[in-house]
Amino acid sequence: MSAGLPVRMSGQGKRAQSAVTLIAVAVIVAAPCAFGSLGLHLAVSGGLLSLAAMPLTVLVGSAGLPSLGTAAFLCIGAFTAGILSNSFGLGMLPAVIVSALLGILSGTVVATTTLRVSGLYLAVGTLALQRAVGVIATDLDLKLTYSSGFMLDDPNVFGLPINSLQRWWILTAALMFVVYITFRYLQKNHVGREWALLRSHPAAAAALGISMTKSRIQVFALTSAIIAVVGVIGAYNLGNVQAGTYTLDLAIVYLTICALGGAGYLLGAIAASYLMVLLPQAIQMGLGLLSIDATSRAAGVEGISIGIILILALLRFPQRLVAMLRLRRPPRV
Amino acid sequence: MNLASFAVNTLSTTMVYALIALAVVFVYRTGRILFFCVGEIGTVTAYVMAEVWNWAGQTAAGLPIAIAAALAVDIAIGLLLFGILSQEKQEDPFLGTAITIAVGIILVGLMSVMWGSSVEQLPLVKGYWTFGGTTLPLVGFVAIFLGALTVLSVLALFYWTSIGIELQAAAENRQLATLNGIPVGRRVLMTWIAACALSGVAGVLAGSVSSISVGGSAIGFSGIVAAIIGGLTSPGGALAGALILAAGENLISLFFDVRYSTVVPVALLLVLLTVRPWGLSSRVERIFRT
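Trainee: Any chance you could explain the overall build of chain A here in plain terms?
Mentor: Helices and strands together make up the secondary structure of chain A, namely 13 helices and four strands. Relative to the compact-globule value of 20 Å for 333 residues, chain A shows a C-alpha radius of gyration of 21 Å, a close match. Along the first, second and third principal axes, the C-alpha set of chain A runs to 70 × 55 × 40 Å. Every one of the 333 residues in chain A was classed for burial, and the buried ones make up 44%. A separation threshold of at least 6 residues defines the contact pool for chain A, and within that pool the share at least 24 residues apart is 77%.

So, in structure tokens, the structure goes:
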């Protein structure tokens, strides 16, 4: 949630501001191309992370509904893509549509089964979803592919094959823009304000005639659908769908991103996603400098650092650091 | 699998879950925090104990050293958790829960760095007991005995000693307890250490009944579900929950497949959340649940 009310600006100021924003966006989109294929690869992975992190930060931050089910919804999308492609020969767009519907359905189911609980119990309920989806996915993986995973070809978007890193990055950036604009609009809109009011003042919201049932189903269905669609796109980007990818650890990585970016802040979620992508690279490089064999222990070290970052983010360490620096800065004359 | 071995399996699983569920209940009562890293703490403890005992040559003389090392690990983790959580002054219970999740991730990372994917054995008791035509491993009985002993002594401590009563008071109303001269901070620290030690015992028992691996941390989820079935605040309810869960899991692996036994806690949890979110006990308590 944005802290203050949106500031009203004159038409000219608004136009100048949007021009500056457009130029900044264009520069940011063009930047990874300068770093070659590794830069593009990191840009795409971070973008895909942020695509699911944005709906989650709205769910957790704006609506105040902590969820550990992100990996489960991603898994639903990815397996839809895998099964539709391998068994029915359908491409990405049908998978996107079907997975959006499945996301809405499963989100509604989660919202209705957990209507009576909130906070901690809600997180536990979504954890149950994660476990259930994990068991089903492992079973499907075993029966349909003998645990080798579904293979996916390069997708086609309206006849244009997405077969190079540049095209992947353009697709990801476009989707990031669409998702960001959608949620920014919703947060400022009466729908988002209803969610926020239900989080902060449930009694006042009830008195104003806002239905908790409707609101919860709305936010869960919407965010789950988007996360499931991101699951499809992520699966096509990986080229392989396996049940082992979508574990609780992944859900916690997403939760860490939301905590790090500040609950409810969309741009924070994007920035934190890129931090999360760059972190393993930095660790690998650090271990390489210390001449430690990084390949076998990397996963463990990554887990440790993600845990430490999550704790620091939860304890508001960045904010404290900023406050400390402000105190130390000499007063301006 | 016949009746005798089913009973032994179910009871030893019940003891493991009951210990974890008790740890979860104590932590929840004192700080409204759901103790998510119980399974990980148990597995780390079991690994350390197996490692130290192997180093001592698996002798009876090495056992006290191994137990002391395992306890030291639990105390260290308890101190660490208390230290981190006392930094957090925002009174948001979900933050504390998320911090225990983060500690769980760190412990899993630590385990995979130190032990990789190795599966360790902890042969506390070797030997078999032939009983009416069926041969049962003795370790199951030992696990049941040790687990029951720990559970009963913890419950006795909680209900009958002054420290236990003080803990209950601190859980009920922290300010009033402080005004009455109860050292609340010290009692909370004690709860954390006791909870870590309980999960450590559970991990060691689970490890000696089957084997120790990083994936074994999944017992934590079952223990948490057992505590939730019991209503999260009642130790007796947690025991009942552990029994229900263990019986369900063992029945599923008896009639279907071991792979599907993970469905039991999930299904029980979903039913519970929709029908009776407050758990089995319908006791009205002043303690609110977040």
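Anyway, onward from the coordinates.
Trainee: Hey, could you run me through the overall build of chain B in this one?
Mentor: When its secondary structure is counted, chain B shows eleven helices and two strands. Ordered by position from N to C terminus, the α and β elements of chain B give α-α-α-α-β-β-α-α-α-α-α-α-α. Taken over C-alpha atoms, the radius of gyration comes to 19 Å for chain B, in line with the 19 Å a tight globule of 290 residues would show. The principal-axis extent of the C-alpha atoms belonging to chain B is close to 60 × 45 × 35 Å. Looking at chain B as a whole, 48% of its 290 residues qualify as buried.

Trainee: Please explain the interface of chain A and chain B as it appears in this structure.
Mentor: By a widely used convention, the size of an interface equals the accessible area lost when the partners come together. Counting residues at the interface gives 31 residues for chain A, matched by 30 residues for chain B. Secondary structure elements with two or more residues in the side of chain A that touches chain B: α5 (120-145), α10 (248-261) and α12 (294-314) of chain A. Here the residues of the side of chain A that touches chain B are counted per class, giving 20 nonpolar, seven polar and four charged.

Trainee: Before we go on, may I ask you to explain the nonpolar core in this structure?
Mentor: The tendency in soluble globular proteins is for nonpolar side chains to be buried as a group. In this structure, L19, A21, L22, A23 and V24 of chain B are the most contacted members of the largest nonpolar core, which totals 187 residues. Look past the residues within four positions of L19 of chain B in its chain and what remains in contact with it is G147, T150, V151, L198, V201 and A202 of chain B.

Trainee: I tried to follow the environment of I20 of chain B on my own but got confused; where do I start?
Mentor: Residues and elements named next belong to chain B. Take I20: it is sitting in helix α1 (residues 3-31). Linking I20 and N54, residues 34 residues apart in sequence, is a C-alpha distance of 26 Å. If near-sequence neighbours (up to four positions away) are discounted, I20 is found in contact with V38, G42, S199, A202, I219, G220 and G223.

Trainee: Just to check I follow, could you spell out the confidence of the model for chain B for this structure?
Mentor: Residue and element names in this part refer to chain B. Summary statistics for chain B give a mean pLDDT of 83 and a share of 92% for residues scoring 70 or more. A low-confidence stretch, residues 284-290 (pLDDT under 50), is modelled with nine contacts involving residues beyond four sequence positions or located in other chains. Our summary of model confidence lists the complex with pTM equal to 0.80 and ipTM equal to 0.78.

Trainee: Just checking my understanding: could you explain helix α5 (residues 138-160) of chain B for this structure?
Mentor: An α-helical segment advances 3.6 residues per turn. Residues three or four places apart therefore align on the same side. Residue and element names in this part refer to chain B. Between its terminal C-alpha atoms α5 stretches 33 Å, which fits the 33 Å expected from 23 residues at 1.5 Å a residue. The set of residues buried in α5 consists of V139, G140, A143, I144, G147, V151 and V154. For α5, the elements touching its buried residues are α1, β2 (134-137) and α8 (184-209).

Trainee: It is not clear to me how the packing of helix α2 (residues 36-62) of chain A against helix α11 (residues 266-289) of chain A should be interpreted in this structure. Could you clarify?
Mentor: Residue and element names in this part refer to chain A. Where α2 contacts α11, the two axes come as close as 8 Å, and the packing angle between them is 140°. Considering their axes alone, α2 and α11 lie oblique with respect to each other. Here α2 and α11 pass one another in a crossing that is right-handed. Each of L42, S45, G46, L49, S50, A53, M54 and T57 in α2 lies in contact with α11, whose residues at this interface are L266, A269, I270, S273, Y274, M276, V277 and L278. Looking at the contact of α2 with α11 residue by residue, the classes come out as eleven nonpolar, five polar and no charged.

What counts, and at which threshold
Residue numbers restart at each chain and count upward from 1, following the sequence in its written direction. Here every chain gets a letter starting at A, and every ligand a number starting at 1, in the order they are written. Reporting of local features is limited, given that this is a predicted model, to residues whose pLDDT is at least 70; pairs of side-chain atoms are given and counted only at 80 or more, and all residues count toward the totals for whole chains, interfaces and linings. In DSSP terms, a helix is any run of H or I states spanning at least four residues, a strand is any run of E spanning at least two, and both are numbered starting from the N terminus. To get the radius of gyration, use the C-alpha atoms; to get the globule rule, take the number of residues to the power 0.38 and multiply by 2.2 Å. Remark: C-beta atoms are placed from the backbone, and a residue is labelled buried if 20 or more other C-beta atoms sit within 10 Å of its own, exposed if 12 or fewer do, or partly exposed between those counts. In this description, any two residues whose backbone-derived C-beta atoms lie within 7 Å of each other are considered to be in contact. Residues are grouped as follows: nonpolar covers Ala, Val, Leu, Ile, Met, Phe, Trp, Tyr, Cys and Pro; charged covers Asp, Glu, Lys and Arg; every other residue, Gly included, is treated as polar. Working definition: the nonpolar core is a set of buried Ala, Val, Leu, Ile, Met, Phe, Trp, Tyr and Cys residues, joined through C-beta atoms within 7 Å. A residue's pLDDT is the confidence the predictor assigns to it, expressed on a 0 to 100 scale. A helix's residues, less one, multiplied by 1.5 Å, set its expected span. Whenever a helix is involved, its axis is fitted only over the stretch in contact; in every case the axis is a line through C-alpha atoms, and angles between N-to-C directions fall within 0 to 180 degrees. The labels follow the angle: roughly parallel below 35 degrees, roughly antiparallel above 145, roughly perpendicular from 65 to 115, and oblique for the rest. Two helices cross in a left-handed way if the nearer one is turned anticlockwise from the farther one by less than a right angle. They cross in a right-handed way if the turn is clockwise.

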